[in-house]
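Coordinate inspection notes
Spelled out, the chains give:
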Amino acid sequence: MAEEFTKEQLLEALRAFRKRLKVYRQDDESRLGGRGMTSGKSSGIVGIRPPQGFPPAIWQKLVEQGKIEPEGNGTYSLKE
């Protein structure tokens, strides 16, 4: 039996995913310039492991809805 999630649960998971991805990208970009200098280069991070605290089935549901894409090895990326 497929697990059902409310719109609120799906939205909360997607927001958490976006926030985690944004933090990883900002962290990566802050290292690209070296010595704290901004180089203007963007992060190469496209896929991440989803945040903990949500069941794996919720990420599959978001894939089915076309919100995220599986990248392999348990990582997902935003479908843009």
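The present account deals with the structure reproduced in this document.

What counts and what doesn't
Residues numbered from 1 in each chain as written. Predicted model: local features only at pLDDT ≥ 70, side-chain atom pairs only at ≥ 80, totals over all residues. Heavy atoms only, no water. Core = buried A, V, L, I, M, F, W, Y, C linked by side-chain atoms within 4.5 Å. Buried < 20%, exposed > 50% of the residue type's maximum accessible area, 1.4 Å probe, protein only. Helix = DSSP H or I, 4+ residues; strand = E, 2+ residues; numbered from the N terminus. Contact = heavy atoms within 4.5 Å. Pairing = 2+ DSSP bridges. Axes fitted to C-alpha atoms, helices over the stretch in contact; angles between N-to-C directions. Phe/Tyr/Trp six-rings, centres within 6.5 Å; stacked < 30°, edge-to-face > 60°.

**Digging into the nonpolar core**
Membership of the largest hydrophobic core comes to 15 residues, with the highest contact counts inside it found for Phe 17, Ile 58, Trp 59, Leu 62 and Ile 68. Elements represented by at least two residues in this core include exactly α1 (7–32), α2 (56–64) and β3 (75–78). When residues in this core are grouped by element, the largest group, 5 residues, is from α1. Discounting residues that sit within four places of it in the chain, Leu 62 has contacts with Leu 10, Ala 13, Leu 14, Lys 67 and Ile 68.

**Regarding the sheet that holds β3**
Ordered in space as β1-β3-β2, the 3 strands form an open sheet in which the pairing is antiparallel. Each of the sheet's edge strands pairs with one partner strand only, and the pair in question is β1 (47–48) and β2 (68–72). Summarising the sheet, β2 and β3 pair through 4 bridges and their orientation is antiparallel. Pairing of Pro 70 across the sheet is with Tyr 76, part of β3. The strands touched by α2 are β2 and β3; relative to β2, the strand with the most contacts, the crossing angle is about 115°.

**Focus on the pairing of β3**
Because side chains alternate across β3, one face comprises the buried residues Thr 75 and Ser 77, and the other comprises Tyr 76 and Leu 78, equally buried. Looking at chain direction, β1 and β3 are connected through 2 bridges and run antiparallel. Looking across to β3, one finds that Ile 48 is bridged to Tyr 76. What sits between β2 and β3 in their antiparallel hairpin is a turn of 2 residues, with Asn 73 showing a positive phi close to 55°.

**Some thoughts on the environment of Ala 13**
In this structure, Ala 13 sits in helix α1. For Ala 13, a relative accessible area of 0% puts it in the buried group. Not counting residues within four places of it along the chain, the set of residues in contact with Ala 13 comprises Phe 54, Ile 58, Trp 59 and Leu 62.

**A short note on the packing of aromatic side chains**
Here the structure, examined in full by the defined rule, presents 2 aromatic pairs. Look at Phe 17 and Trp 59: their rings are 6.0 Å apart centre to centre, the planes differ by 50°, and that puts the pair in the tilted class. With a gap of 42 residues between them, Phe 17 in helix α1 and Trp 59 in helix α2 connect regions that are remote in the sequence. Relative accessible area serves as the criterion here: at 0%, Phe 17 is assigned to the buried category. Geometrically, the ring pair formed by Phe 54 and Trp 59 is edge-to-face, given 5.5 Å between the ring centres and 75° between the ring planes.

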